[in-house]
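# A structural walkthrough
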Amino acid sequence: EKDVLILAIESSCDETAASVVKNGRTILSNVISSQIALHTLYGGVVPEIASRKHIEKINQVVEEALAEANVTLDDLDAIGVTYGPGLVGALLVGVAEAKAISYAKKLPLVGVHHIEGHVSANYIEHPDLEPPFMCLIVSGGHTHLVIVKDYGEFEILGRTRDDAAGEAFDKVARAIGLGYPGGPKIDKVSKEGNPDAIVFPKAKLEDPYDFSFSGVKSAVLNHINRCKMQGEEICEADIAASFQKAVVDTLVEKAVKAAKEHHMDKLAIAGGVASNSALRQAMKEACEREHIQFYYPSPIFCTDNAAMIGVAAYYEYKKGVRHGWDLNAVPNLKL
Ligand code: KG4
Ligand code: ZN
């Protein structure tokens, strides 16, 4: 069978990214232009700045992705693009770019759900991984526990009631003065802290697979305020490590319980928080205990990238999914 080459574009938040993916599993290039340094000045992503920066970078990033893969637009079979969820102005840049190339080169256009992209990141380095499997998606905007029934087919078991896991990391990091983006910084300083120094409460929810992180976030803020009022010394590393433990314990407990209950012998994690070292370690140990095969992408494929979008686009393309010129950015696109 003939190779299928897909150019994928991702611009849903603060990374402008493009990638060329062969046959859904081989990454020929993976170019990411990060705006993190820019948004750090403001302590978080500024949507207007993100959109402008995407416009400035998108052509160059696409050209680099093609050059690195050693292909031209004429070699491609389809264009894949994230069309939601995400920041509307940011998404629009990628969607417009994809539509322009698709129109000019008469190539099929395949819109991709950003979360389906994150899940698909697991296929890149695990040629043996195929649905069905359990997947925990933990990113800056989303926390979902799903059964991946088939490529692009999900049964949602649980989701967050309030903050996303990554959002909680970012907010706590800001509170203890670590800056943006908080996740990687908490991960790092936690290595010098005692995870048992402070016991932060875990949310008890009616639905066993739903999540809530606003409680633990508030508990951290209360702890900091109490220390300040009582003139006690604040140990950032201990707070970070204890907070991280509370979040990781909850994520591991629920994901493993769900896998067991649904008789899944494979469990994958995805999204920016999936690069957290404590989460990877704890999930690995729990899965070993329960004889569940554990899958996780390399950190570069956990945070936003276009390679994962290209993988997801390939499976949608194979199913016959084609989008028209009316494809639009959908900021709150449902899974
Ligand atoms: O998947 P992603 O790049 O963007 C979204 O789709 O939201 O996730 C970004 C989130 C941020 O909240 C960031 O703080 C978090 O992932 N993150 C981490 C780590 N690396 C990134 N959280 C915890 N530990 C990390 N090592
Ligand atoms: Zn993402």
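Residues numbered from 1 in each chain as written. Chains lettered and ligands numbered in written order. Predicted model: local features only at pLDDT ≥ 70, side-chain atom pairs only at ≥ 80, totals over all residues.

### Focus: the overall build of the protein chain
Filter applied, for reference: Put simply, DSSP marks the helices as runs of H or I at least four residues long and the strands as runs of E at least two long, and each gets a number from the N terminus on. Three exposure classes are used. Buried residues have 20 or more other C-beta atoms within 10 Å of their own C-beta, exposed residues have 12 or fewer, and partly exposed residues fall in between, all C-beta atoms being placed from the backbone. Remark: residues whose backbone-derived C-beta atoms lie within 7 Å of one another are considered to be in contact.
Assigned secondary structure in the protein chain consists of eleven helices and ten strands. Based on the C-alpha atoms only, the size of the protein chain along its principal axes is roughly 65 × 45 × 30 Å. The buried share of the protein chain, taken over its 335 residues, is 50%. Pairs at least 24 apart in sequence give 74% of the contacts found in the protein chain among residues at least 6 apart.

### Some words on the nonpolar core
Soluble globular proteins tend to bury their nonpolar side chains together. Stated formally: Linking buried Ala, Val, Leu, Ile, Met, Phe, Trp, Tyr and Cys residues through C-beta atoms within 7 Å yields a set, and such a set is a nonpolar core. Start and end positions for the domains come from either an automated domain assignment or a database one.
Formed by 102 residues in total, the largest nonpolar core has its most connected members in Ala8, Ala18, Cys135, Ala255 and Ala313. Residue contributions to this core peak at 13 residues, all from helix 8 (residues 236-261). When residues of this core are assigned to domains, at least three map to each of domain 1 (5-120 + 302-319) and domain 2 (132-295). Every residue in contact with Ala8, bar those within four places of it in the chain, is listed here: Ala18, Ser19, Val21, Gly80, Val81, Ala306, Ile309, Gly310 and Ala313.

### Here's the deal with the pairing of strand 6 (residues 133-138)
Spelled out, the test is: By the convention used here, strands pair only if DSSP detects at least 2 bridges between them.
Among the six residues that make up strand 6, six are buried, leaving the element largely enclosed by the rest of the structure. Burial along strand 6 is two-sided: Phe133, Cys135 and Ile137 facing one way and Met134, Leu136 and Val138 facing the other are all buried. Sheet topology note: the strand 6/strand 7 (residues 143-150) ladder contains six bridges and is antiparallel. Bridging across to strand 7, Phe133 finds its partner in Val148. Counting the residues in the hairpin turn of strand 6 and strand 7 gives four residues. Relative to strand 9 (residues 266-270), strand 6 runs parallel, the two being bridged by four bridges. Paired with Cys135 across the strands is Ala268, a residue of strand 9.

### Notes on the UniProt feature "binding site: Fe cation" (unreviewed entry) in the protein chain
In plain terms, the rule: UniProt positions are given in the numbering used here, feature names are shortened, and annotations may be inferred rather than shown by experiment.
The feature "binding site: Fe cation" (unreviewed entry), as annotated in UniProt, sits at His114, His118 and Asp304 in this numbering. In sequence the annotated residues extend across 191 residues, while in space they remain close, none of their C-alpha pairs exceeding 8.9 Å. Within the secondary structure, His114 is located in helix 4 (residues 114-124). His114 has contacts with Ser12, Thr82, Gly84, Pro85 and Gly86, leaving out every residue within four places of it along the chain. Structurally, Asp304 is set in the loop between helix 10 (299-302) and helix 11 (307-319). Residue Asp304 is classed as buried on the basis of its 27 C-beta neighbours within 10 Å. With residues near it in sequence (within four places) discarded, Asp304 still touches Glu10, Ser12, Cys13, Glu15 and Ala17.

### Focus on the site of ligand 1
Threshold: Residue proximity rests on one test: whether the C-beta atom, placed from the backbone, lies within 6 Å of the molecule or strand. Here the nonpolar group is Ala, Val, Leu, Ile, Met, Phe, Trp, Tyr, Cys and Pro; Asp, Glu, Lys and Arg are the charged ones; every other residue, Gly included, is treated as polar.
Near ligand 1 there are 19 residues, and of these Gly140, Gly166, Gly183, Gly272 and Asn276 occur at the shortest range. If you list the elements that add at least two residues to the shell around ligand 1, you get helix 5 (165-175) and helix 6 (182-190). With four residues, helix 6 is the single largest residue contributor to the shell around ligand 1. Considering only residue class, the shell around ligand 1 consists of five nonpolar, eleven polar and three charged. Of the domains in this structure, domain 1 (5-120 + 302-319) and domain 2 (132-295) are the two that each give at least three residues to the shell around ligand 1.

### Here we look at the sheet that holds strand 5 (residues 109-113)
For clarity, the threshold we go by: To obtain an axis, a line is fitted to C-alpha atoms, over the contacting stretch when the element is a helix, and the angle between two such axes runs from 0 to 180 degrees between their N-to-C directions.
Spatial ordering of the open sheet is given by 3-2-1-4-5, a layout of five strands whose pairing is mixed. In this open sheet, the two strands that pair with only one neighbour each are strand 3 (26-34) and strand 5. Ignoring strand direction, the axes of neighbouring strands in this sheet form an average angle of 20 degrees. Relative to strand 2 (residues 15-22), strand 1 (residues 5-10) is paired through six bridges, and the arrangement is antiparallel. Bridge pairing in strand 2 links Leu7 to Val20. Strands strand 3, strand 4 (78-84) and strand 5 of the sheet are contacted by helix 4, whose axis makes an angle of about 90 degrees with strand 5. Here helix 11 sits on the sheet and contacts strand 1, strand 2, strand 3, strand 4 and strand 5; the angle it forms with strand 1, its principal contact strand, is near 125 degrees.

### Describing the UniProt feature "domain: Gcp-like" (unreviewed entry) in the protein chain
Following the UniProt record, the feature "domain: Gcp-like" (unreviewed entry) maps to residues 26-310 here. As a span, residues 26-310 carries 49% helix and 18% strand, and end to end its C-alpha atoms are 10 Å apart.

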